[in-house]
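Each chain, written out:
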Amino acid sequence: MNRSCKKNIFLKYIVLAVSCICFSIIPVWAQIHIIPQPLHLTAQKGNFILTSKAIIGVDQQSEAVGTYLQNYLTQYYKLNLKLKVYPHVPTTVAIKLVSNNSKGAQGAYTLSVAPGSVNISGNGAGVFYGVQSLIELLPASIIKPLKITACKIADEPRFQWRGLSLDVCRHFFTVDEVKKYIDIMAHYKLNVLHWHLTDDEGWRIQIDKYPRLTEVGAKVALYAKEGKFRKLDNLIDGGNDGFYTKAEIRDVIKYAQDRFVTILPEIEMPGHSEAAIFAYPELGCQDSTGAKHRVRMLDPSEHTFNFLEDVLTEVIGLFPNQYIHIGGDEAEMIDWLKSPTAVTLMKKEGLKDEKGVQSYFIKRIEKFLISKNKKLVGWDEILQGGLAESATVMSWQGEAGGIAAAKMHHHVVMTPLPYMYFDAPQANEELEPIGWNPPVTWQMVYNYEPQSSQLTPAEAAYILGAQGNIWTEKIPNAPHLEYMVYPRALAIAELSWSTKENKDIDRFDYKMKQQYGLFKLWDLNARLPDIVGVDHIATNKEQFKTTLKYPLLGARLRYTLDGKMPDDKIQSVPFPVTINVPLRESLTLKTYTTWTLNSQHIMQTANIRRININAAKENITNLKPGLSYKLIKTKEINYAKLDTITPAITAVINTANPMVLPVTDGDITWVKMNGFIKIDQEGDYEFTSGFELSPALFIDNEPLMIKDKNTYVEPQKAILHLKKDIYEFSGYYSADDANSKQTLFQLKTADGKLLDPQTYLFHL
Ligand code: TNX
């Protein structure tokens, strides 16, 4: 049996196993795991059986989408369905795609799957999105019969800007790789590809009037290797060269249009222009601080403006999109203070400082774009020195720029650090490929809300949507790009398409894991999910017992308990795996997970800390209900130095919810708590915290939880055997807006019963 045949059988096995789960689980999403979550979705009885005899009937407007579906079914399911175009699609046709020109949100559609028919109707991109939902209902492999669960969907997007960026400058990606990037975006109804086409490390777009941009500016890696350009030591491997011809760009634009993806081209200015300046040195700032200084700043000369207008004219000639991104980030404006051109310009135009020059620069480009009927988009630095009148702001340095711009009634795309940055590792950074830290987990992405609560509803309407950004300094090839972007981009898809009320992180978690069959079908190298339950544990038990399960069938585990990182040289075992070992002292669990259907491995570690816990020593009689709390408002960041500060509030609290004070003027609100936990029945107990950044918690002065660990990266819990007795309990944390909505701690019995804090919290 050849390998692909084996894989097919294996895929069938996965699909069967998943459908077995489906029969026993009631929720609709267990059967219909569409991402992003549709607005209205109900499961119906029965299935539609898809065979090559089914006809796809379309009206004229839906013909292209019909062809897309036809091709998809041929490519992935080897089914050759006939496509027929009708003036009015008859009801007898099995799969009907009909355009309606209703006024609903752009992209709205309805999809109904019944035992004998599939009906999709939508406006604009709607029919295409209906087809994408249908695609997600298909089994992830060629099993016969191909069953599609009957359902009814009425859906529309929350935001019109659902974006992903692609930096092709730090590393170049081929046309085919870009097309695949677009394909996957489109499957998840993402609709803006922000194509970062020029930067210091490469100019990637053919411009006829300035051939050296691609003859020289696109070959920076080669010149760097020859010692003619600075060392590209910010790139993981010295980079690679390449550019897109105009014909290739047109081809990609058409490809994206067919998938209802708009391409937003970015031509960086006035900073990040080293490759252009390398090709045409006269564009650079005249004064630099020496031969080694890298000249990345455009000189604000008439020559530069003419150059930019020429370049933009050619870019506009290619891209039909109404927006053009002109960068504007991280400009080294300090260079301008020494540039004779900039200094003269400042005097002539009455510009106060270098920020004034930046503002003048952007406004001038804006004027030019407006004259060409285009809208300017820029990174949030374009706010400095005064925002151009009609600019759309991409808020990347947190949300502040976006919020300020929305308050000024400018359109905004939210792409804030850290949540929307996919060049950050998505789990423990020590175990992931190098990236910009700290880690950004898919949960952090999912929980992000683009319309800040600091905005009024009218201001919030200026938020066009959200976008995930990827920078490729440390991303040398397409499989690695896919690893970094997926599955996190699915969280962007859902947060930008589905309503706030319709988000549900547990459901998303489940649905996301169901996508791996499709990922395999599409040959997408999405990062594998973590094993749930590789938790840092504090325990006073003499035995460590855990069962590790994995959400994908066919995954295998290698693990160690001796501190050495496991690798593929040791024997693997299939999941689930029960570990049951005596715990004389602390140990570290290290795991190495692989999955049959791709060549990845992911690693996790957890410390299993053995602690000793004694009951409170004094003879305690007059216990009062609740924990004693102190709130300390201070600028002091060191907890150990708080003792001398008088608390702003002292109180008794008998719930496990945190206390908060309004956060003001840069103060930290420290919360200290002290008291006892009274255990009425001997047994095993589990302590957990719902804080995203953990609090410090102690029993009998033994740390149960280490402060400030990101729970998605390093989950912590304590598993304790407690006698019927009274135990000293204490803890501290810094209160903020985020944790005010989270549960400070939870105590459960071994069988999972949640205990009411009023029954076990006491103080003297
Ligand atoms: C900042 S995010 C940049 C990028 C870099 C990234 C990581 C943004 C608007 N600019 O040019 O790739 O940091 O180095």
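S.K.: Which residues make up the pattern of salt bridges, and what values go with them?
M.R.: Scanning the model with the defined rule gives 34 salt bridges in all. Aspartate 310 is the partner of lysine 209 in a salt bridge, and the nearest nitrogen-oxygen pair spans 3.3 Å. Remark: aspartate 310 occurs in helix α10 (residues 302-318) and lysine 209 occurs in the loop between β11 (202-203) and α6 (212-215); sequence separation between them is 101 residues. A network of salt bridges, in which partner residues are shared, links Asp167, Arg170, Asp199, Glu201, Arg230, Glu274 and Glu473.

S.K.: I'd like to hear about the domain arrangement of the protein chain, residue by residue, with values.
M.R.: When the domains of the protein chain are assigned, the result is domain 1 (3-19 + 613-763), domain 2 (34-155), domain 3 (161-197 + 225-521) and domain 4 (536-610). Placing a centre on the C-alpha atoms of domain 2 and another on those of domain 3 gives a separation of 34 Å. Taken together, the 23 residues of domain 2 in the interface contact 24 residues of domain 3. Summed over both sides, the interface of domain 2 with domain 3 buries roughly 2100 Å², with 62% coming from carbon and sulfur. On the surface where domain 2 and domain 3 come into contact, there are zero salt bridges. In this assembly, domain 2 and domain 3 are joined by eleven residue pairs in polar contact (both at pLDDT 80 or more). Contributions of two or more residues to the side of domain 2 that touches domain 3 are made by α3 (63-77) and α4 (126-137). A total of six residues in the side of domain 2 that touches domain 3 trace back to one element, the largest contributor, which is α4. Classifying every residue of the side of domain 2 that touches domain 3 by side-chain character gives 16 nonpolar, five polar and two charged.

S.K.: So, the environment of isoleucine 326: which residues are in play, and what are the values?
M.R.: Mapped onto the secondary structure, isoleucine 326 falls in strand β13 (residues 323-327). Residue classification places isoleucine 326 among the buried residues on the basis of a relative accessible area of 0%. Separated by 52 residues in sequence, isoleucine 326 and glycine 378 place their C-alpha atoms 5.5 Å apart. Aside from chain neighbours lying at most four places away, what touches isoleucine 326 is Ile267, Glu268, Met269, Ile362, Ile365, Leu369, Leu376, Val377, Gly378 and Ile382.

S.K.: I'd like to hear about the sheet that holds strand β29 (residues 683-688), residue by residue, with values.
M.R.: If you walk across this open sheet you meet the eight strands as β21-β20-β23-β24-β18-β32-β29-β34, and the pairing is mixed. Edge positions in the sheet fall to β21 (573-574) and β34 (746-749), since each of these pairs with one other strand and no more. In this sheet, β21 lies alongside strand β20 (residues 555-560) in antiparallel orientation, the contact comprising two bridges. Its bridge partner lying in β21, arginine 556 is registered against proline 574.

S.K.: Provide a residue-level description of the pairing of strand β33 (residues 725-735), including the pertinent values.
M.R.: Of all eleven residues making up β33, eight are buried, and the element is well covered by its neighbours. Of the pairings in the sheet, the one linking strand β30 (residues 696-699) to β33 comprises four bridges and is antiparallel in character. Residue pairing for β33: phenylalanine 698 is matched across the bridge by serine 730.

S.K.: So what about the nonpolar core? Which residues, and what values?
M.R.: Looking at soluble globular proteins, one finds that nonpolar side chains tend to be buried together. Among the nonpolar cores identified, the biggest contains 194 residues, and Leu50, Ile95 and Tyr486 are the most heavily contacted of them. For this core, the element with the most residues is α10, which contributes eight residues. Not counting chain neighbours up to four residues away, the residues in contact with tyrosine 486 comprise Leu164, Ile184, Met185, Tyr188, Gln426, Leu524, Ala526 and Arg527. If you look at the next biggest cluster of nonpolar residues, it comprises 31 residues, including Ile677, Tyr685, Phe691 and Leu747.

S.K.: I'd like a description of the environment of threonine 341, backed by residues and values.
M.R.: Examined against the element boundaries, threonine 341 turns out to sit in helix α12 (residues 340-349). Sequence-wise, threonine 341 and valine 295 are 46 residues apart; in three dimensions their C-alpha atoms are separated by 15 Å.

S.K.: Can you tell me about empty space enclosed by the protein, naming the residues and giving the values?
M.R.: With a probe scaled to a water molecule rolled over the atoms, the places where space remains empty come into view. A full pass over the atoms with the stated rule returns one cavity of 30 Å³ or more. Within this model, the largest cavity holds a volume of roughly 40 Å³. At the level of elements, β1 (40-50) and α3 are the ones that each hand at least two residues to the lining of the largest cavity.

S.K.: Give me the lowdown on the site of the ligand, citing residues and values where you can.
M.R.: Every residue lining the ligand is accounted for by Arg170, His272, Asp329, Glu330, Trp379, Trp396, Tyr421, Asp423, Trp436, Trp471 and Glu473. Take glutamate 473: an N or O atom from its side chain is 2.7 Å from an oxygen atom of the ligand. For the ligand, the accessible surface in isolation is 360 Å², of which the surrounding protein chains cover 91%. Here the shell around the ligand is built from residues that sort into five nonpolar, one polar and five charged.

S.K.: For the packing of aromatic side chains, give the residues involved together with the corresponding values.
M.R.: Taken as a whole and assessed by the stated rule, the structure comprises 37 aromatic pairs. Ring centres 5.9 Å apart and planes at 70 degrees place the aromatic pair tyrosine 188 and tryptophan 522 in the edge-to-face group. In this pair, tyrosine 188 sits in the loop between α5 (175-187) and β9 (192-196) while tryptophan 522 sits in the loop between α20 (516-521) and β18 (536-539), placing the two residues 334 residues apart along the sequence. Assessed through its relative accessible area of 4%, tryptophan 522 is described here as buried. Between phenylalanine 729 and phenylalanine 745 the ring centres are 5.2 Å apart and the planes differ by 80 degrees, which places this aromatic pair in the edge-to-face class. Of this pair, phenylalanine 729 sits in strand β33 while phenylalanine 745 sits in the loop between β33 and β34; the two residues are 16 residues apart in sequence, bridging distant segments of the chain. Accessibility assignment for this pair places phenylalanine 729 and phenylalanine 745 in one class, buried. Taken together, the aromatic side chains of Tyr68, Phe128, Tyr129, Phe260 and Trp497 make up a single cluster linked through ring pairs. Taking NZ or CZ as reference, lysine 189 lies 5.6 Å from the ring centre of tryptophan 497, over its face.

What counts, and at which threshold
- Residues numbered from 1 in each chain as written.
- Predicted model: local features only at pLDDT ≥ 70, side-chain atom pairs only at ≥ 80, totals over all residues.
- Heavy atoms only, no water.
- Salt bridge = Lys/Arg side-chain N within 4 Å of Asp/Glu carboxyl O.
- Helix = DSSP H or I, 4+ residues; strand = E, 2+ residues; numbered from the N terminus.
- Domains from an automatic or database assignment.
- Contact = heavy atoms within 4.5 Å.
- Buried area = accessible area lost by both parts, 1.4 Å probe.
- Polar contact = N/O pair within 3.5 Å; in protein donor to acceptor, adjacent residues only side chain to side chain.
- Nonpolar A, V, L, I, M, F, W, Y, C, P; charged D, E, K, R; others polar.
- Buried < 20%, exposed > 50% of the residue type's maximum accessible area, 1.4 Å probe, protein only.
- Pairing = 2+ DSSP bridges.
- Core = buried A, V, L, I, M, F, W, Y, C linked by side-chain atoms within 4.5 Å.
- 1 Å grid on protein atoms, 1.4 Å probe; cavity = no way out; pocket = protein on both sides within 12 Å on 5 of 7 lines; lining within 4 Å.
- Points joined across faces, edges and corners; volume = space filled by probe spheres on them.
- Near = heavy atom within 4 Å.
- Areas by Shrake-Rupley, 256 points an atom, 1.4 Å probe, with all protein chains shown as cover.
- Phe/Tyr/Trp six-rings, centres within 6.5 Å; stacked < 30°, edge-to-face > 60°.
- Lys NZ or Arg CZ within 6 Å of the ring centre and 35° of its normal.

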